[in-house]
Amino acid sequence: MHRSRLVQLYAGTVIALGLASVGYFGAQMRLEVHPIVVSLILIASIALYDIYASAIPEFRSQISASVSLVVAGVLILEPPLGIVAAATGTLLSELLLRGNALRTGPRWQIIQVIAFNVGQVALSLAVVSMLLRAVQFPHGQLVAPVDFGIALAAFVVHVLFNHTLVFGIVSLQTRQWLRHLVRDWYREFAPQYLVLGASALLLTVLYFISPPHALLGLIPLALVHFSFRSYLRIREEAQKTFEKVVQLLEQRDPYTGEHSADVADLAADIAQELGIHGGDLEIIRSVARVHDIGKIAVPDKILLKPGKLDPEEWELMKRHADIGADLLQGLAIYDRYAHVVRHEHEHWNGNGYPDGLRGELIPLPSRIISAADVYHALISDRPYRPAYDQEEALDIIRKMSGRQLDPRVVGALLRVIERRETEEQKGGHPT
């Protein structure tokens, strides 16, 4: 089946089941003044938190403290009202966020996105509600230890099911394994979800004491939400700053700027071909974008020299790998991967620099970026030679396999290039 049709089928199924969940539980609502007032506050709070959710581009997803509110709503209120309130709050935030796009963009496509986002929340809460009914959970109170255990289990089920639905569509769109996306997400953000789970329990306990107390519980939840949002913003700004440095390099050496962007895309494709997915895939892409950042310290007379470098100049040029790693060290987004930049010029046979590593001792991301780097350099005009055509470049890459480049990575690179050619011949529409 064509991938876009599979995505449409998946999204349509989630939307249909989500709307069915709202209809099924909505028909069971009991309209009483006090629960309605609580649900209105819940709707407004969910919408507010979702509007200020923190986007995580590498996962094509976001994290919001509203997850505590939607679960607390089902725990506090009976499932029918809790699910309808969560769906309404999500719909309100979606309309506020996408209102302009609805008026100016592809309306039907945006309506589908809104419906999917509402549907996946309603569907995951419906699953939680059925489980709570099965164990006869006493809504609105947490007294016995078993009550806390059930409430926490409800939060975990909702979070896991919800993100499985979200990452399901990301998996189909990006050809990444669902299990890797889910694994990497929780490896990265598990501490935040522990805090959000505790917040859902806190809100439920405070509501049991008295409803106004639950309003006080929104304050620490807001602090958690905005502190995490600030952390992600700082991380994003750090990444943008270093990518800006690479753009400044482009003004000195146009090849380096264009080269880094193309190498990043090719390295990500190679990594995916090798079975690397999720956050690890996007980190390789991010590091590849700045892999030449150390060249900022290389003098123009060396960086832009049209001829071959003499031994002294070559020693200065080789320092850019260490300089780049030192620049990235200590930054949260790059710290664990600074060594990838340092070892990008190591060779499979041990004749590279700076440490003469060989074979599997060279970090796999370094080997991937190295192959992408070499291929793109071959097909680009350089000051000292014109570009090779693609077939010549691929012949050279094959000869480098087992010497300068990892044979397994070379195989993945060749498959990626072949697939790109096939997709181009079909008009850019992958099957």
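Right above here is the structure, for reference.
Note that the coordinates shown come from a computational prediction; the quantities given were computed from them, not determined experimentally.

Caption draft 1: Main features of the packing of helix α5 (residues 107-134) against helix α6 (residues 145-174). At their nearest, the axes of α5 and α6 sit 9 Å apart, and the two run at 145° to each other. Like other packed secondary-structure pairs, α5 and α6 cross with a definite hand, here right-handed. Every residue of α6 that contacts α5 at Phe116, Gln120, Val121, Leu123, Ser124, Leu125, Val127, Val128, Leu131 and Leu132 is listed here: Ile150, Ala154, Val157, His158, Phe161, Asn162, Leu165, Val166 and Ile169. When its residues are assigned to classes, the contact of α5 with α6 shows 15 nonpolar, 4 polar and no charged.

Caption draft 2: Fine view of the packing of helix α2 (residues 33-51) against helix α4 (residues 79-104). Contact geometry for α2 and α4: axes closest at 8 Å, N-to-C directions at 35°. Considering how the two elements wind past one another, α2 and α4 form a crossing that is right-handed. Where α2 abuts α4, its residues Pro35, Ile36, Ser39, Leu42, Ile43, Ile46, Ala47, Asp50 and Ile51 lie against Leu81, Ala85, Ala86, Thr88, Gly89, Thr90, Leu92, Ser93, Leu96 and Leu97. Among the residues forming the contact of α2 with α4, the class breakdown is 13 nonpolar, 5 polar and 1 charged.

Caption draft 3: Focus on empty space enclosed by the protein. One pass over the structure, following the stated rule, counts 2 cavities of 30 Å³ or more. One number sums up the size of the largest cavity: a volume of about 80 Å³. Around the largest cavity, the lining residues are Ser54, Ile63, Ser64, Ala65, Gln192, Leu196, Val224, His225 and Phe228. Mapped by element, the contributors of at least two residues to the lining of the largest cavity are α7 (178-209) and α8 (211-252). The element best represented in the lining of the largest cavity is α8, accounting for 3 residues.

Caption draft 4: Local environment of the side chain of His345. Considering the arrangement of structural elements, one finds His345 in the loop between α13 (338-342) and α14 (364-378). Assessed through its relative accessible area of 16%, His345 is described here as buried. In terms of polar contacts, His345 uses its side chain to reach the side chain of Glu344, at 3.2 Å.

Caption draft 5: A look at a negative patch on the surface. On the surface, Asp389, Glu391, Glu392, Glu418, Glu421 and Glu424 cluster together into a patch of negative charge. Mapped by element, the contributors of at least two residues to the negative patch are α15 (390-400) and α16 (407-425). In terms of residue count, α16 provides more of the negative patch than any other element does, 3 residues in total. The exposed category is assigned to Glu418, whose relative accessible area is 51%.

Caption draft 6: Inspection of a nonpolar patch on the surface at higher detail. A surface patch of nonpolar side chains, about 350 Å² in accessible area, is lined by Val33, Val37, Ile41 and Leu215. Counting residues per element, the nonpolar patch draws most heavily on α2, which supplies 3 residues. Of note, Ile41 is situated in helix α2.

Caption draft 7: Here's a closer look at the packing of aromatic side chains. This structure, assessed with the given rule, holds 3 aromatic pairs. Ring centres 5.0 Å apart and planes at 85° place the aromatic pair Tyr24 and Phe25 in the edge-to-face group. A relative accessible area of 2% means that Phe25 is categorised as buried. Between Trp314 and Tyr353 the ring centres are 5.8 Å apart and the planes differ by 85°, which places this aromatic pair in the edge-to-face class. Here the residue Trp314 occupies a position in helix α12 (residues 311-328), and Tyr353 occupies one in the loop between α13 and α14, the gap between them amounting to 39 residues. On the basis of relative accessible area, Tyr353 is assigned to the buried category, the value being 12%.

Caption draft 8: View of unusual backbone geometry. Cis rather than trans, the peptide bond between Tyr353 and Pro354 has omega equal to 10°. Residue placement: Pro354 occurs in the loop between α13 and α14.

Caption draft 9: Highlighting the side chain of Ser199. Inspection of the secondary structure puts Ser199 in helix α7. The class of Ser199 is buried, set by a relative accessible area of 12%. Setting aside residues up to four positions removed in sequence, Ser199 forms contacts with Ser68 and Leu221.

Calculation criteria
Residues numbered from 1 in each chain as written. Predicted model: local features only at pLDDT ≥ 70, side-chain atom pairs only at ≥ 80, totals over all residues. Heavy atoms only, no water. Axes fitted to C-alpha atoms, helices over the stretch in contact; angles between N-to-C directions. Helix = DSSP H or I, 4+ residues; strand = E, 2+ residues; numbered from the N terminus. Left-handed = near helix turned anticlockwise from the far one by under 90°. Contact = heavy atoms within 4.5 Å. Nonpolar A, V, L, I, M, F, W, Y, C, P; charged D, E, K, R; others polar. 1 Å grid on protein atoms, 1.4 Å probe; cavity = no way out; pocket = protein on both sides within 12 Å on 5 of 7 lines; lining within 4 Å. Points joined across faces, edges and corners; volume = space filled by probe spheres on them. Buried < 20%, exposed > 50% of the residue type's maximum accessible area, 1.4 Å probe, protein only. Polar contact = N/O pair within 3.5 Å; in protein donor to acceptor, adjacent residues only side chain to side chain. Patch = residues over 30% accessible without salt bridge, like charges linked within 9 Å, V, L, I, M, F, W, Y side chains within 5 Å. Areas by Shrake-Rupley, 256 points an atom, 1.4 Å probe, with all protein chains shown as cover. Salt bridge = Lys/Arg side-chain N within 4 Å of Asp/Glu carboxyl O. Lys, Arg positive; Asp, Glu negative; His and termini not counted. Charge placed at Lys NZ, Arg CZ, Asp CG, Glu CD. Phe/Tyr/Trp six-rings, centres within 6.5 Å; stacked < 30°, edge-to-face > 60°.

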